[in-house]
Each structure stands twice: as C-alpha cells, then as structure tokens.
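As a plain string of letters, each chain reads:
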Amino acid sequence: MIVDMSSLLKDIKKQIKAECKRSGVRKDIMKRILCVDRLLEFTIFLKGNIFKAYRSQHNNVLGPYKGGVRFCKDVARDEVKALSMMMTLKCALLNIPFGGAKGGVAVNPEKLSWEEKEEVSRGFVRGASPILGPDVDIPAPDINTNEEVMAVMADEYSKITGRLSPGSFTGNTLERGGIEGRKEATGYGGAVILEELCNLEGLNGATVAIQGFGNVGSNFAFFASEKNCKIVAISEKKEGVVAKEGLSVKDVWDYKKKTGKICVAGENKDDILEMDVDILVLAATEGVIHKKNVEKVRAKHIISIANGPVTRKAEKFLRKKGVIVVPDILASAGGVIASYCEWKKAKKEEDFSKEKVFSFISQRMKEVFREIYQNKKERTLSETALSISLHRLEKAMLDKENKMR
Ligand code: GLU
C-alpha cells in the first residue's frame, strides 16, 4: 500500500501536468488546476482528545464544490487535497454541474461510541460551516461516514445558520431529505461498469474478485451477483474468502453482520491482488497496486472504484500487457450522480424515484465509458478520461473569463 498519502497528490499532479501538456491545455489553466482554491484546516476537541480536520475546495468553475467527508485515523492534508482534485475531474468527466471538494477528520471511528462520533460530526460542521452551503460546498458520505452522520451534520448546520437549508448535505437519511438509491449508488455504478466491460470485451460468465466490502464493495457485490459473472473472492482488511465455484454475497454479508468480519479472523487473503481472475475490483483504498507489486497482478482487467487504487506507473505497465483499468473518476461516479439527483430534489427542481436515479446513473456512466473505451489501444482509459475532464474545465474557465470582459 502507499502509506505516504502525499504520493497520491504527487501522482495526480503528475497526471494532470502530463495530460495538459499532451493535449494542449493552456499553461495558465493548468497552473490553476494544479492548485486548490481553498484549504481549511482546523481542530476538533473531544474529551481531552484533539483531532485534525480538513476541507479542501479544489475548483468550482462547473458548479458548487462537492465531495465526501471521511473519518480515518491517518487522513492528511495532502490526501484531501488530492481527493478534492479527483472530485473536480470526476464531475467534469460525467458532466455533472458540481466542482470538487473533500473533507476529512483524522480520527479512528472504531474507537468512538455513536455519541462521540456525533460530537465529531458536529465539530466538523462547526469548523467548516463558514465555507459550506447548498450553493457553495455540499458534503456527502465517504469512508466511515454514512447517512446518519450526514443527518447530524445537516442538523448542526441548520442550528448554526438558523435555516433548514435543503440541499446543504447529500447522502442524508430518507427522513432528512435523502433519496432512495443514494446509499447503494456507488456500488450500483460500479456494477454498471462491470456489465459494460464484459459486453465490450466479450467476457461471458467472467470471474470477479473484490477487494473491500464496506458500503461500496458490498453493494457492488450484490448488484454484480445479478449480472452474468461469478464472484470468486472477496477480501476486507486482513480477511478474505475465496470459492472457485462462486460465492454467495448474501452469506458473506450475513456473516459480517453477525461478527463484524467477512470470515474467520486471521484468514489472510492478501493475495487477492494476485488472483488469476477476469476482473479485479478495487473498492478499498488508495495506492494498492503500485510499481512494486504490479508485476504480480494476473487479472485480465481492473475496475477502480476506490479513490486512486492504481498508481500512474502501475497503470501504464498494465496497459502494455493489455489490461484495461477503468479509472476511479468514472467507476466511482454513481455516488455523486445520485447526490446530484438528491440535491435537485431538495431544491425542488426535479423529483427522483430510485428507478430514475439508477437509470440516470446507468445511462450517463455507460455513455462516458464507451467514449473513453474507444481509445484503449493508444492510451490508458484514465489518460483519455483526464483529457476530457481537463478540456471541459479549460472551456468553462475560458468562457467565464470571456463573460467577465
Ligand atoms: N464519497 C463520494 C465520492 O467520493 C461522495 C460524492 C458526493 O456525493 O458528493 O464520490
């Protein structure tokens, strides 16, 4: 794993620079995209403990800043900066009128009671509220945060502002303005990509291994198990289950609900990354495939649903071997697309049923996938995706400049 999170920022900056140079994006625009608009760093105090908190707003030329808030013990400034850049690129690629942001609190949620987690959530909003708002910056769930956390954050925000402010947070509980389908949306979008990849590559009954069984990985697994494929391995943290004849996702899920783990503790399947499968799905964390372990990857193709799980160098190496890596800025987009639906509904602009949300996700993600897939012989999919995003951002920035004149 990449332990040094600043390498994620270096990696994404290198990709942006290389792509801007290659596809002729103006230098001044490139320089702007390489910076974040604003980075807020503050402290949350809880029972004698001090937690660092961050909100990075990268760019809002396409719309209000948008992105999740994660609670992870080693969240760092450079990590949220990198992730906010990736949100801008993701929204631009999918043509969703949002900019990019990300937040985080450096806290180990496993050590918190629900009441303490609630306090941390309220503390995050107290620190970040001056730069949030339904038309300014709209947080959403991310690693270790969920709809209950969003409901608490929305509640704290309305106490501070003295208004209800619909649309100020997405990924809410249904009672607080959330929409059906948002929780499953990222996993659902990943499964849309899986199906499309199998269609385009002519894979029938593809074998699939999944790294990560949190909200995203487990929902992905449920949707994938309804498709024409066989899930042969699932891993989470230090544990893993493997079955050549195919796994029952429901059994794994039930076991996890009962025990908190996906299988007997200590059954270590670290080698999920090295399994000989048709498709390896990365739904855990950053930097899991890098230059030191990439040679051991035997999967035919990879879908990146976590943020930045394959480094730039590793991806180049894989392309030479004919391995398609579907980039995270596409494969993880289901969540923010559903957030957009939730936001529009909250603002009373449009109503969305679960079916409508899912069909919007499916249509938009397939369209973009086909567009970037066409170029797969010449360039990695993430290079093509990046080029589309960067050109869209450049155009929007130049249009804005021209309007100001
Ligand atoms: N954690 C989600 C992501 O990274 C949240 C996006 C959103 O809905 O704002 O895509």
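Nothing here was measured: the structure is a model prediction, and the numbers come from that model. (Residues numbered from 1 in each chain as written. Predicted model: local features only at pLDDT ≥ 70, side-chain atom pairs only at ≥ 80, totals over all residues. Heavy atoms only, no water.)

A.B. asks: Quick one: what's the story with the sheet that holds strand E3 (residues 65–71), residue by residue and with numbers?
C.D. replies: The mixed open sheet is built from 5 strands, whose spatial order is E1-E2-E4-E3-E5. Looking at strand neighbours, the two that pair on one side only are strand E1 (38–46) and strand E5 (137–141), the edges of this open sheet. Each adjacent strand pair in this sheet contributes to an overall mean axis angle of 20 degrees, direction not counted. Direction of pairing for E3 relative to strand E4 (residues 100–105): parallel, over a ladder of 3 bridges. Across the sheet, Arg-70 pairs through a bridge with Gly-104, a residue of E4. Here helix H3 (residues 77–94) sits on the sheet and contacts E1, strand E2 (49–59), E3 and E4; the angle it forms with E4, its principal contact strand, is near 150 degrees. Taken strand by strand, helix H4 (residues 114–128) contacts E1, E2, E3 and E4, and its axis lies near 140 degrees from that of E1. (Pairing = 2+ DSSP bridges. Helix = DSSP H or I, 4+ residues; strand = E, 2+ residues; numbered from the N terminus. Axes fitted to C-alpha atoms, helices over the stretch in contact; angles between N-to-C directions. Contact = heavy atoms within 4.5 Å.)

A.B. asks: Could you give an account of a positive patch on the surface, naming the residues involved and the relevant values?
C.D. replies: Where like charges cluster on the molecular surface, the positive patch consists of Lys-10, Lys-14, Lys-17, Lys-21, Lys-27, Lys-31, Lys-291, Lys-292 and Lys-313. Of all elements in the fold, only helix H1 (6–22) and helix H2 (27–33) reach the threshold of two or more residues within the positive patch. For the positive patch, the leading source of residues is H1, giving 4 residues. Here Lys-21 falls in the exposed class, since its relative accessible area comes to 60%. (Patch = residues over 30% accessible without salt bridge, like charges linked within 9 Å, V, L, I, M, F, W, Y side chains within 5 Å. Areas by Shrake-Rupley, 256 points an atom, 1.4 Å probe, with all protein chains shown as cover. Salt bridge = Lys/Arg side-chain N within 4 Å of Asp/Glu carboxyl O. Lys, Arg positive; Asp, Glu negative; His and termini not counted. Charge placed at Lys NZ, Arg CZ, Asp CG, Glu CD. Buried < 20%, exposed > 50% of the residue type's maximum accessible area, 1.4 Å probe, protein only.)

A.B. asks: Account for the sheet that holds strand E11 (residues 324–326), naming residues and giving values.
C.D. replies: Pairing is mixed in the open sheet, where 6 strands are placed in the order E8-E7-E6-E9-E10-E11. If you trace the sheet from one side to the other, it starts and ends with strand E8 (239–242) and E11, each paired once. In this sheet, adjacent strand axes meet at a mean angle of 20 degrees when their direction is disregarded. Summarising the sheet, strand E7 (residues 229–236) and E8 pair through 4 bridges and their orientation is antiparallel. Paired with Ala-233 across the two strands is Val-242, which belongs to E8. On top of the sheet, helix H6 (residues 185–201) reaches strand E6 (206–211), E7, strand E9 (279–282), strand E10 (301–304) and E11; it is set at about 155 degrees to E10, its chief contact.

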